[in-house]
Amino acid sequence: MPVITFANTKGGAGKTTAVLLLASELAHAGHRVTVLDADPQYWMSRWFDASPPIPRLSVISYVTQASIDRHLAEAQAASDYVLVDLPGARSPLLAKAIGLSDHVLIPIQGCAMDAQGGAHVLELLQYLGEKLGMHVPHSVVLTRVNSMVTTRALLAVKGLLAQRNVDVLNTPIIERSAYRDIFDCGGTLHTMDGERISNLDKARENARLYAEEIVRRVPGAQVGAARMAAR
Ligand SMILES: Nc1ncnc2c1ncn2[C@@H]1O[C@H](COP(=O)(O)OP(=O)(O)OP(=O)(O)O)[C@@H](O)[C@H]1O
Ligand SMILES: [Mg+2]
C-alpha cells in the first residue's frame, strides 16, 4: 500500500504536524495507517505514546537507514497507508526514503529558509529522476499559513513553486492552536475538547480537506476512500 514520505531538510517546517494530521484523519476515515518515525527526536512516537489507543493507527519508532526497508515491507503488508516522518536534515536516509516512496510531500512554511529546505528535496527528486530514472510523484503543502492575511513571503514562495511547475496542494495547513496543543494533549482532533481549544471545528475542517486532497492524489484502499468521501 502507498508510502508517503514527508521531507524538508529545514528543521521546524511542519513535517511532523503534517504527518500527525494526515495519519489521524486517514485512521478516522477508516484507513489502516502506520507511521514510521525516522526522526531521532521521536516527536511522533511521544505523541502516540501519550495518546489513548487510536483505532487503525500505529507508530513504529527507531526507524533508521539500516532498518527502513524491513520496516516499510512489514508496514505495507499491514496498512492502507504508510507515512514516513524524517528529521529536518540532509542525510542518506532522506534519499533512501524518497527512493522507496510512492509520493513525497514537502511541507513548506511561507518563508525563505523553509523554501530553501524544500528546494533541497526538490533538487534531490530531480536528480533521482534524471540520473536514475526514478520518478517519484511529489507535492508541496504550505504550512502554518495565517488564516487572515497572505504575507509577502508566502506569495514569493508560491511564485517560486509555480515557476518550477511544482504541484502545490490547494489546502494549506493553517496556523491553529489545536495543531500545537495536540502534541501536549495526545489523542486526535476528534477526541479533543472543543470547549477548551479555540477554533477546533475550523482545525478539523482544514485537516479533513488536507487529507482528502492527498487521498485523491495517492489513492489507498478503496473501502477507506469510499468511507472518507461519504463522511
Ligand atoms: N499548522 C500549525 N499550527 C500551529 N503550530 C504549528 C503548525 N505546524 C507546526 N506547528 C508548530 O511548529 C513547530 C514545528 O513543527 P513540526 O514539529 O511539525 O516541524 P518539523 O518539520 O517536524 O520539525 P523537525 O524538523 O524539528 O522535525 C512545532 O512547535 C509545532 O507545534
Ligand atoms: Mg519533525
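Quick summary incoming for the structure in this document. Model, not experiment: these values are computed from the prediction. (Residues numbered from 1 in each chain as written. Chains lettered and ligands numbered in written order. Predicted model: local features only at pLDDT ≥ 70, side-chain atom pairs only at ≥ 80, totals over all residues. Heavy atoms only, no water.)

With that settled, consider the sheet that holds strand S6 (residues 138-143). In spatial order, the strands read S3-S2-S4-S1-S5-S6; together these six strands make up an open sheet with parallel pairing. Either end of the sheet is taken by a strand with one partner, and the two such strands are strand S3 (57-60) and S6. Shown here is a sheet whose adjacent strand axes are inclined to one another by a mean of 20°, direction ignored. With five bridges connecting them, strand S2 (residues 33-37) and strand S4 (residues 81-85) associate as parallel partners. Directly across from aspartate 37, in S4, lies its bridge partner aspartate 85. This element, helix H5 (residues 112-132), spans strand S5 (103-109) and S6 of the sheet and lies at about 160° to S5. Across the sheet, helix H6 (residues 152-163) touches S5 and S6, and the angle it forms with S6 is around 175°. (Pairing = 2+ DSSP bridges. Helix = DSSP H or I, 4+ residues; strand = E, 2+ residues; numbered from the N terminus. Axes fitted to C-alpha atoms, helices over the stretch in contact; angles between N-to-C directions. Contact = heavy atoms within 4.5 Å.)

Bringing the pattern of salt bridges into the picture now. Across all of its chains, the model carries ten salt bridges by this definition. Between aspartate 167 and arginine 217 there is a salt bridge, with its nearest N and O atoms 2.8 Å apart. Of this pair, aspartate 167 sits in the loop between H6 and helix H7 (177-185) while arginine 217 sits in helix H8 (residues 200-217), and the two are 50 residues apart along the sequence. Judged by relative accessible area, which is 29%, arginine 217 ranks as partly exposed. Residue glutamate 205 is joined to arginine 208 by a salt bridge in which the shortest nitrogen-to-oxygen separation is 3.0 Å. (Salt bridge = Lys/Arg side-chain N within 4 Å of Asp/Glu carboxyl O. Buried < 20%, exposed > 50% of the residue type's maximum accessible area, 1.4 Å probe, protein only.)

Counting residues in hydrophobic clusters, the biggest one holds 37 residues, and the most contacted among them are Ile4, Phe6, Leu22, Leu83, Leu189 and Tyr210. Those elements that provide at least two residues to this core are strand S1 (3-6), helix H1 (15-28), S2, helix H2 (43-50), S3, S4, H7 and H8. Sorting elements by how many residues they give to this core places H1 first, with eight residues. With residues up to four places along the chain from it excluded, the contact list for phenylalanine 6 reads Lys15, Ala18, Val19, Leu22, Leu83, Val84, Leu86, Leu105, Pro107 and Tyr210. (Core = buried A, V, L, I, M, F, W, Y, C linked by side-chain atoms within 4.5 Å.)

A few words now on the pairing of S5. Burial analysis of S5 places seven of its seven residues in the buried class, which makes it a mostly covered element. Burial along S5 is two-sided: the face carrying His103, Leu105, Pro107 and Gln109 and the face carrying Val104, Ile106 and Ile108 are both buried. By the bridge criterion, three bridges tie S1 to S5 in an arrangement that is parallel. Paired with isoleucine 4 across the bridge in S5 is histidine 103. Pairing of S5 with S6 involves six bridges; the strand directions are parallel. Paired with glutamine 109 across the two strands is threonine 143, which belongs to S6. Tracing the backbone out of S5, into H5 and back to the parallel element S6 gives a crossover that is right-handed. (Right-handed = clockwise from strand over helix to strand, strands pointing away.)

Residues of helix H3 (residues 68-78) that are buried include every one of Ile68, His71, Leu72 and Ala75, and no others. Along the axis of H3, the buried positions cluster into a sector of 100°, meaning they face one direction only. Buried positions along H3 lie against S1, S2, S3, S4 and helix H4 (92-99). (Arc of directions from axis to C-beta.)

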